[in-house]
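Results of the structural survey
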Amino acid sequence: MKQTINNRYPALRKALVCLCLLMLLPVTAAAQKFALVDMEFILKNIPAYERANEQLSQVSKKWQAEVEALSTEAQTLYKNYQNEVVFLSQEQKKARQDAIMEKEKEAADLKKKYFGPDGELFKKRTSLMTPIQEEIYNAVKDIADLRGYQLILDRASDSGIIFGSPKIDISNEVLQKLGYAY
């Protein structure tokens, strides 16, 4: 029996069809313009960002100290309980255990309140950083519109950019647009 190419080599047939389709499609990728920004560089050169980070650091340390103080109280209660357990009645043991557990819960609740996913630190960071991020975004968007960029990538992120020509890096231009001469 004679087999045709279609039946014998289905993968080859598919590859040829794909190749033909690719050749027929207009090549528009060459006409697109790309640029890079280095967000770390931009943020390091914005004083408001540095001030916001310092403010977040201070409030975080203050809240962490509050949480640690409650945890220390719970540990002290536990150590005292262990030292005195042989002298305590059942009622006294139960009362001390409840006090220890309550103090530990209080510390955990405070930690969650300050540092949880929707905690005070997250809210504070959002309120301080969102205006800066929006200002940067608007500057990048204005430059993209002005220069006709279809895509602007952040060189500082983990996006897998191995090399980016300094010729297409618009970080300095973004800083200038924001009013920070570099």
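Cut-offs and rules
Residues numbered from 1 in each chain as written. Predicted model: local features only at pLDDT ≥ 70, side-chain atom pairs only at ≥ 80, totals over all residues. Heavy atoms only, no water. Helix = DSSP H or I, 4+ residues; strand = E, 2+ residues; numbered from the N terminus. Buried < 20%, exposed > 50% of the residue type's maximum accessible area, 1.4 Å probe, protein only. Phe/Tyr/Trp six-rings, centres within 6.5 Å; stacked < 30°, edge-to-face > 60°. Lys NZ or Arg CZ within 6 Å of the ring centre and 35° of its normal. Core = buried A, V, L, I, M, F, W, Y, C linked by side-chain atoms within 4.5 Å. Contact = heavy atoms within 4.5 Å. Salt bridge = Lys/Arg side-chain N within 4 Å of Asp/Glu carboxyl O. Polar contact = N/O pair within 3.5 Å; in protein donor to acceptor, adjacent residues only side chain to side chain. pLDDT = per-residue confidence, 0-100. Patch = residues over 30% accessible without salt bridge, like charges linked within 9 Å, V, L, I, M, F, W, Y side chains within 5 Å. Areas by Shrake-Rupley, 256 points an atom, 1.4 Å probe, with all protein chains shown as cover.

1. So, the overall build of the chain
Of the regular secondary structure elements, the chain holds seven helices and two strands. Going from N to C terminus, the chain has its helices and strands arranged as α-α-β-α-α-α-α-β-α. Going through the 182 residues of the chain one by one, you find that 21% of them count as buried.

2. Regarding the packing of aromatic side chains
The final tally for this structure, using the stated rule, is two aromatic pairs. With centroids separated by 4.5 Å and ring planes inclined at 5°, the aromatic side chains of W63 and Y114 adopt a geometry described as stacked. Taken together, the positions of W63 in helix α4 (residues 47–84) and Y114 in helix α5 (residues 90–115) put the pair 51 residues apart, joining distant regions of the chain. Relative to F115, the ring of Y114 has its centre 6.3 Å away and its plane inclined at 75°; by these criteria the two rings are edge-to-face. Its relative accessible area of 8% is what places Y114 among the buried residues. Following the ring pairs from residue to residue traces out a cluster consisting of W63, Y114 and F115. Across from the ring centre of Y149, 5.3 Å away, lies the NZ or CZ of K33, which sits over that ring.

3. What about the nonpolar core?
In terms of nonpolar packing, the biggest core is built from 28 residues, with I42, I46, I132, I136, I170, V174 and L178 touching the most fellow members. Each residue touching I42, except ones within four places of it in the same chain, is listed here: V37, I136, S171, V174, L175 and L178.

4. A look at the side chain of S171
Position of S171 among the secondary structure elements: in helix α7 (residues 171–178). Overall, the relative accessible area of 3% leaves S171 in the buried class. With sequence-adjacent residues up to four places away left out, S171 is seen in contact with L36, V37, D38, F41 and I42.

5. Comments concerning the pattern of salt bridges
Once their charged atoms are close, side chains differing in charge can pair, the charge on each being opposite to the other. A full pass over the atoms with the stated rule returns nine salt bridges. The partner of K94 in a salt bridge is D98, and the shortest N-O contact between them spans 3.1 Å. Of this pair, K94 and D98 both sit in helix α5, four residues apart, which is roughly one turn of the helix. The class for K94 is partly exposed, based on a relative accessible area of 48%. With relative accessibility at 36%, the residue D98 sits in the partly exposed group.

6. A look at the environment of Q150
Position of Q150 relative to the elements: it lies in the loop between α6 (120–147) and β2 (151–154). As for Q150 and F34, which are separated by 116 residues in sequence, their C-alpha atoms are 6.2 Å apart. Separated by 3.2 Å, the side chain of Q150 and the backbone oxygen of G148 make a polar contact.

7. Side note on the confidence of the model for the chain
Any region with low pLDDT has predicted coordinates that should not be read closely. Summary statistics for the chain give a mean pLDDT of 84 and a share of 78% for residues scoring 70 or more. Low pLDDT, under 50, characterises residues 1–6; the stretch is placed with two contacts to residues that sit more than four places away or in other chains.

8. A closer look at a nonpolar patch on the surface
A surface patch of nonpolar side chains, amounting to about 220 Å² of accessible area, comprises F34, L151 and L153. Take L153: its relative accessible area is 33%, and that puts it in the partly exposed class.

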